[in-house]
Amino acid sequence: MADRIGFVGSLAAMVSDDSPFLRACRLEPHDRVPVWFMRQAGRSLPEYRAIRGTGSITEAIRSPDLATEITLQPVRRYGTDAAILYSDIVTPIEAIGFGVTVEPGVGPVVARPFETAADLERIRALEPENDTPFVLETIRNLVGELGDVPLIGFAGAPFTVASYLVEGGPSRTYARTKRLMYADPDLFEQLLDRLADLALASLRSQVAAGASAIQLFDSWAGALSLSDYLRYAQPASRKVLTGIAETGVPRIHFGVSTGELLGAMHDAGADVVGVDWRVDLDDARRRLGDEVCLQGNLDPAAVLAGVDVAVDRTRDVLRRADGHRGHIFNLGHGVVPETDPAVLERVVEVVHEEGRVR
Ligand code: CP3
């Protein structure tokens, strides 16, 4: 299996190794600032709303033709330098039967939340070819369709996925998650370790099927102090990121409100660190040094304020990135559904026309 992953992974990477996106990830010289957007596929696009229908997102993810088309839509419209697989961070845990649904406008909801050691048994190992064959088929379709545009595969980081399992749904405070973490650190560690295995198995299969880079979303890690992050969350994320290293694909690590955690998220084993809009990019660069690629960080809300504001703020991000070859332009978090796609089209033009790489 390891040989196959190594072989297919490096083959997939070879297809588009010269892309500005992959070169930026690796701090290699390239001639334009690469740009893509988290949540670039989705309800902000009229073409998405037209084909998505009213069913659950899980049904769309389980339909390779639909998921392929949805992944391609923003690449066609914006000319982004990377595609991100249309799936969700709860796809693997849903696929092994934990009992998760994704409610429109809400997010993942869990019927029977994780509470005790007995619930560990509900998290069995992922067998990607049996449990998520639709993901692999979507990726194989996409690699053929995308040509030189790299495909980013992804997984939810153990802490963030655990927060949904323990809370039973989205949360503002993560009170139940942290209560379990503080009250029963051993159980919390076992939970995160199982979720690390799940994420790693999923990511390995995505790379074997043709993903050229991976992103580990620890969206809600910013709920933790640095010392708690290091103790409770980082070990499981490190298991995922160091485990995927053997494939050779770049590893992006992202979270929201993680200004205090940027160094620790890099140390967990990332090649690229995602920065939300709360830390100016020049400051993030001072915190992390020159030997890492940064991804970000236009405020998604600035895009809602119209073309002039968005262009202005885009130029500010480019100025703070200062032509460093390790910069991938993105928003500081996902595209919000109210976004006017015409504004993002202009943002991509400005990044491509005005961005300079030293
Ligand atoms: O363009 C892309 O980024 C494509 C794929 C993608 C989705 N979810 C599709 C989706 C990715 C990378 C994700 C990751 C994800 N899912 C994260 C990490 C990224 C982040 O935003 O921090 C998280 C926390 C989730 C959990 C989740 N799934 C949430 C919070 C929601 C939003 C609920 C809503 O309806 O607003 C979802 C549903 C979801 N996942 C949608 C999409 C396009 C919207 C619902 C739909 O179209 O039915």
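Now for a look at the structure at hand.

On to the site of the ligand. Looking at the ligand, there are 26 residues lining it, with Arg43, Tyr48, Arg52, Gly105 and Ser219 nearest. Within the contact set of the ligand, an oxygen atom lies 2.5 Å away from a side-chain nitrogen or oxygen of arginine 52. Surface burial for the ligand is 92%, taken as the share of its 860 Å² of free accessible area covered by protein chains. A majority-of-atoms criterion places the ligand in the largest pocket.

A separate point is the packing of helix 9 (residues 158-167) against helix 10 (residues 175-183). One can describe the packing of helix 9 onto helix 10 by two numbers: an axis separation of 8 Å at closest approach and a directional angle of 105°. By the angle between their axes, helix 9 is roughly perpendicular relative to helix 10. From helix 9, Phe159, Ser163, Val166 and Glu167 reach across to helix 10, where they touch Ala175, Arg176, Thr177, Leu180 and Met181. Among the residues forming the contact of helix 9 with helix 10, the class breakdown is five nonpolar, two polar and two charged.

Bringing the sheet that holds strand 1 (residues 83-84) into the picture now. Judged by pairing direction, the sheet is parallel, and its seven strands sit side by side in the order 1-4-5-6-7-8-9 without closing on themselves. Both edges of this open sheet fall to strand 1 and strand 9 (327-331), since each of them pairs with a single strand only. Examined bridge by bridge, strand 5 (residues 213-217) and strand 6 (residues 251-254) share four bridges and lie parallel to one another. Bridge assignment links phenylalanine 217 to a residue of strand 6, and that residue is phenylalanine 254. Packing of helix 11 (residues 185-209) onto the sheet brings it into contact with strand 4 (151-156) and strand 5, and relative to strand 4 it is tilted by some 170°.

Structurally, glycine 169 is set in the loop between helix 9 and helix 10. Along the primary structure glycine 169 and proline 185 are separated by 16 residues, whereas in three dimensions their C-alpha atoms are 21 Å apart. When near neighbours in sequence (up to four residues on either side) are disregarded, glycine 169 contacts Pro108, Val109, Ser163 and Tyr164.

Before going further, it helps to examine the pairing of strand 8 (residues 293-298). Counted residue by residue, strand 8 has six buried out of six residues, so it is predominantly covered. In the sheet, strand 7 (residues 272-274) pairs with strand 8 via three bridges, with the strands oriented parallel. Note on strand 8: the bridge partner recorded for glycine 274 is glutamine 295. Taking the sense of rotation as the criterion, the β-α-β connection linking strand 7, helix 14 (residues 281-288) and strand 8 turns out right-handed. Across five bridges, strand 8 lies against strand 9 in parallel orientation. Pairing of glutamine 295 across the sheet is with isoleucine 328, part of strand 9.

Rules of the game
Residues numbered from 1 in each chain as written. Predicted model: local features only at pLDDT ≥ 70, side-chain atom pairs only at ≥ 80, totals over all residues. Heavy atoms only, no water. Near = heavy atom within 4 Å. Polar contact = N/O pair within 3.5 Å; in protein donor to acceptor, adjacent residues only side chain to side chain. Areas by Shrake-Rupley, 256 points an atom, 1.4 Å probe, with all protein chains shown as cover. 1 Å grid on protein atoms, 1.4 Å probe; cavity = no way out; pocket = protein on both sides within 12 Å on 5 of 7 lines; lining within 4 Å. Sits in = over half its atoms within 2 Å of the grid points. Axes fitted to C-alpha atoms, helices over the stretch in contact; angles between N-to-C directions. Helix = DSSP H or I, 4+ residues; strand = E, 2+ residues; numbered from the N terminus. Parallel < 35°, antiparallel > 145°, perpendicular 65-115°, else oblique. Contact = heavy atoms within 4.5 Å. Nonpolar A, V, L, I, M, F, W, Y, C, P; charged D, E, K, R; others polar. Pairing = 2+ DSSP bridges. Buried < 20%, exposed > 50% of the residue type's maximum accessible area, 1.4 Å probe, protein only. Right-handed = clockwise from strand over helix to strand, strands pointing away.

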